[in-house]
Amino acid sequence: MHDIRKVRENPEAFDAALARRGLPPQAAALIALDEARREAIAATEAALARRNALSKEIGAAMKRGDAAEAERLKAEVAAAMAAAESVDPAARTAALEDALSRLPNTLDAEVPDGADETGNRVLHSHGTPRDIPGAKQHFELGEALGLMDFERAAKLSGSRFVVLKGALARLERALGQWMLSVHTERNGYTEVSPPLLVNAATLYGTGQLPKFGEDLFRAGDHYLIPTAEVPLTNLVADSIIPEPEEPLRFAALTPCFRSEAGAAGRDTRGMLRQHQFMKAELVSLCTPEQSDAEHERMTRCAEGILTALGLAWRRVFLCAGDTGFGAARTYDLEVWLPGARAWREISSCSNCRDFQARRMKARFRRGKENLFLHTLNGSGVAVGRALIAVMETYQQPDGGIEIPQVLRPWMGGMERITPAA
């Protein structure tokens, strides 16, 4: 959420910031809505002041027995209040907040210009992308092993679902449990088991509503979470906490649910883009002075997962046109898939500055001031995509899959998924 005071103070800068995201000017319309809101509030306050003043006159008229004057004054009070109610300050405030809530965050100055992913900038990489002659993609490997069933999943639920069996199901579980343990035992995150169903106010707080309602799965009065970022960040909603000496860090391993309404026709083969998937999520809540260093730290925590798995990866600085709605800056981590012969995103780590905190009214106390927190979120990492990367990177000539060393204790000592004879 944007601060309307900053829009009023520098409308040209606000419109220039929106232009970087390819959006038309909005400052004049927002200021007009704010003027209407202010006028309505002023009219209401004036009516209330007039009512209070006339109440004394009504009392005096009644004491001296002047019923006609008392009735005239009562009519004047009623007319003033009716006029105030007709401008409806609550409705005008809601109109301004709705308009502000639909606009994306202001980008950091360092974010590269660009209209789409072609403007993203590779910052650095780790490892050498493997060139495996005749490499197969994950769905070819999984189906040949008899452990990945898209046809049965489609009968159960429709497209963009998968049934994993046996060693592949265990490998997915091992990846998630290992990631969560790394983040909680080594990286200093507090494990949280959050609700998977949340209300509309919670999704509004992190920016999924109202703009991205079509991407959500609804269940009655609740919504299935698209990512654990939603409940984790909202742990401080409508709160004023003591100023944190260190960032508050939370981690969760949860199923995530997305309708992928904006991804029609993309990645239809395999399990790269699913309606339901597991993800290890990282969230940090901190002071403005801490957020730059925390963004770097969070991204390195996610990178450490990929390095420990022996995967080739690279960090990408997203450009203006590819940065998400709530983020001021985002680093994507992309992993090399030998079967697909392509780099694919496996983690996004974003600094949202105070954008989400304003929406959810999350503040900290510094002396006599209450200031908005900065919120950050990142995948640490997407479990399904990590499974894909492990399968394709560690595939064997006979169709088997070697288990990375760090996962073997979580697989009961299993070293290899072997094809059936």
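Everything below is about the structure shown above.
Starting afresh in each chain, residues are numbered from 1 along the sequence in its written order. Two thresholds apply to this predicted model, a pLDDT of at least 70 for residue-level local features and 80 or more for giving and counting side-chain atom pairs, whereas whole-chain, interface and lining totals are computed over all residues. Calculated side-chain values reflect all of the structure's heavy atoms, with hydrogen atoms and water omitted.

**Topic: the packing of helix H2 (residues 11–20) against helix H3 (residues 27–63)**
Now for step 1: Two numbers describe how H2 lies on H3: the axes approach to 9 Å, and their chain directions differ by 130°. The angle between H2 and H3 falls in the class oblique. Residues Pro11, Phe14 and Asp15 of H2 pack against Ala27, Leu30 and Ile31 of H3.
Now for step 2: Each residue gets one of three labels, nonpolar for Ala, Val, Leu, Ile, Met, Phe, Trp, Tyr, Cys and Pro, charged for Asp, Glu, Lys and Arg, and polar for the others, Gly among them. Considering only residue class, the contact of H2 with H3 consists of five nonpolar, no polar and one charged. What counts as an axis is a line fitted to C-alpha atoms, over the stretch in contact for a helix, and the angles between N-to-C directions run from 0 to 180 degrees. Secondary structure is summarised from DSSP: a helix means a run of H or I of at least four residues, a strand means a run of E of at least two, and numbering begins at the N terminus for each. Angular relationships are summarised with four words: roughly parallel below 35 degrees, roughly antiparallel beyond 145, roughly perpendicular across 65 to 115, and oblique for the angles in between. Every residue pair with non-hydrogen atoms within 4.5 Å of one another is taken to be in contact.

**Notes on the environment of Gly134**
Now for step 1: Looking at the secondary structure, you find Gly134 in the loop between strand S1 (121–126) and helix H6 (138–145).
Now for step 2: Placed 99 residues apart in sequence, Gly134 and Glu35 show a C-alpha to C-alpha distance of 66 Å.

**Quick word on the sheet that holds strand S14 (residues 362–366)**
Now for step 1: The pairing criterion for strands is at least two bridges between them, as found by DSSP. Pairing is mixed across the open sheet formed by three strands, whose spatial order is S8-S14-S15. The open sheet has two free edges, formed respectively by strand S8 (239–242) and strand S15 (369–372), since each of these has just one partner strand. Neighbour to neighbour, the strand axes of the sheet diverge by 40° on average, direction disregarded.
Now for step 2: Across four bridges, S14 lies against S15 in antiparallel orientation. Paired with Arg363 across the bridge in S15 is Phe372.

**A word on the nonpolar core**
As a rule of thumb, soluble globular proteins bury nonpolar side chains together.
Now for step 1: To qualify as a nonpolar core, a set must consist of buried Ala, Val, Leu, Ile, Met, Phe, Trp, Tyr and Cys residues joined through side-chain atoms within 4.5 Å. Here the term buried applies to any residue with accessible area under 20% of the maximum for its type, exposed to any over 50%, and partly exposed to those in between, with areas from a 1.4 Å probe on protein chains only. Membership of the largest hydrophobic core comes to 52 residues, with the highest contact counts inside it found for Leu168, Leu171, Leu175, Met179 and Ile417.
Now for step 2: At nine residues, helix H8 (residues 166–185) tops the list of elements feeding residues into this core.
Now for step 3: Every residue in contact with Ile417, bar those within four places of it in the chain, is listed here: Leu145, Leu147, Ala167, Leu168, Leu171, Gly400, Ile401 and Ile403.
Now for step 4: Core analysis: the next-biggest nonpolar cluster, separate from the first, contains 14 residues, Val236, Ala357, Ala362 and Leu373 among them.

**Thoughts on helix H5 (residues 89–101)**
Now for step 1: With 13 residues, H5 ought to run about 18 Å at 1.5 Å a step, and its terminal C-alpha atoms sit 18 Å apart, in line with that.
Now for step 2: Considered for burial, the residues of H5 that qualify are Pro89, Leu96, Leu100 and Ser101. For H5, the angular spread of the buried residues around the axis is 135°, confining them to a single face. Here the expected span of a helix is defined as 1.5 Å times the quantity of residues minus one. Picture the helix axis, draw a direction to every C-beta atom, and the arc is the one those directions span.

**A word on the pattern of salt bridges**
Now for step 1: Salt bridges, as used here, are contacts in which a Lys or Arg side-chain nitrogen is within 4 Å of a carboxyl oxygen on Asp or Glu. Under the definition given, this model contains 30 salt bridges.
Now for step 2: The shortest N-O distance in the salt bridge between Arg353 and Asp292 comes to 2.9 Å. Of the two residues, Arg353 sits in the loop between strand S13 (342–351) and helix H12 (355–360) while Asp292 sits in helix H11 (residues 291–308), which places them 61 residues apart along the sequence.
Now for step 3: Taking the relative accessible area as the measure of exposure, Arg353 reaches 16% and is therefore buried.
Now for step 4: Since its relative accessible area comes to 46%, Asp292 is described here as partly exposed.
Now for step 5: A network of salt bridges, in which partner residues are shared, links Arg8, Asp34, Glu35, Arg37 and Arg38.

These figures come from the coordinates and say nothing about function on their own.
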